[in-house]
Amino acid sequence: MSEVRVRRVYEDPADDDGTRVLVDRLWPRGLAKATADLDEWCKEIAPSAELRTWYHHDPDRFAEFGRRYRNELTTPERAAAVTHLRELAHDGVLTLLTATKRADISEAAVLADLLRSSG
C-alpha cells in the first residue's frame, strides 16, 4: 500500500514527499503561486463553505466534521476527486497539503485516513 501523508503547505518540502497536492479550496495566504512547491491544487475536494464555517477547526468538533465531510465526499464532483487522489496514492507517496495551523484536524487528515483505509 502507498503512503499518504499530511503536511502544512508552508513547510519546506521533503525529498520523499512524492506527489504534493493542495486540498484547500482557497489559495494559502502569503504563498506565491510561482514558488509553491506542489504538483496539483485539488480545490474541488475541499469541504463546503457551510461545513468549514460550522467546524471552524474546533478540536471538539473534529469527529463530527470528519463524518459530515466524508458524507460530502460522496457527491459526484468530490467522489471523482477522491478517485483521482486514490490513483495518485497508488502510484507512490502522496502528500496532502493544507494551510491550516493544525493539519492533524484538517480536511487533509480526513482525506488521508479515507485514502489509507480504502487503499
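Here the structure is shown first, and the text comes after it.
None of the values given here were measured: they were computed from a predicted structure. (Residues numbered from 1 in each chain as written. Predicted model: local features only at pLDDT ≥ 70, side-chain atom pairs only at ≥ 80, totals over all residues. Heavy atoms only, no water.)

All right, on to the sheet that holds strand S3 (residues 40-41) then. Reading across the sheet, the four strands line up as S1-S4-S2-S3 and stay open at both edges, with parallel pairing between neighbours. Every other strand in the sheet has two partners, leaving strand S1 (4-8) and S3 as the edge strands with one partner each. With two bridges connecting them, strand S2 (residues 19-22) and S3 associate as parallel partners. Within S3, the position partnered with Leu22 by the bridge is Trp41. Lying over the sheet, helix H3 (residues 76-91) contacts S1, S2, S3 and strand S4 (94-98), oriented at roughly 135 degrees with respect to S4. (Pairing = 2+ DSSP bridges. Helix = DSSP H or I, 4+ residues; strand = E, 2+ residues; numbered from the N terminus. Contact = heavy atoms within 4.5 Å. Axes fitted to C-alpha atoms, helices over the stretch in contact; angles between N-to-C directions.)

Where S2 meets S4, four bridges bridge the pair, whose relative direction is parallel. Paired with Arg20 across the bridge in S4 is Thr95.

Along the chain, Asp17 falls in the loop between S1 and S2. Looking at Asp17, the relative accessible area reads 1%, which means it is buried. A distance of 3.0 Å separates a polar side-chain atom of Asp17 from the backbone nitrogen of Ala14. Those residues within four positions of Asp17 in sequence are excluded, and the remaining contacts are Arg5, Arg7, Val93, Leu94 and Thr95. (Buried < 20%, exposed > 50% of the residue type's maximum accessible area, 1.4 Å probe, protein only. Polar contact = N/O pair within 3.5 Å; in protein donor to acceptor, adjacent residues only side chain to side chain.)

Right, let's talk about the nonpolar core for a bit. Membership of the largest hydrophobic core comes to 24 residues, with the highest contact counts inside it found for Val23, Ile45, Tyr69, Leu85, Leu94, Leu96 and Leu111. Elements that contribute at least two residues to this core include exactly helix H1 (49-55), helix H2 (62-72), H3, S4 and helix H4 (107-118). The leading source of residues in this core is H4, at six residues. Once you skip the residues sitting within four places of it in the chain, Leu96 turns out to touch Val4, Arg5, Val6, Arg7, Val21, Val23, Leu85, Ala108, Leu111, Ala112 and Leu115. Residues Val9, Leu31, Ala36 and Leu97 belong to the second largest nonpolar core, which totals five residues. (Core = buried A, V, L, I, M, F, W, Y, C linked by side-chain atoms within 4.5 Å.)

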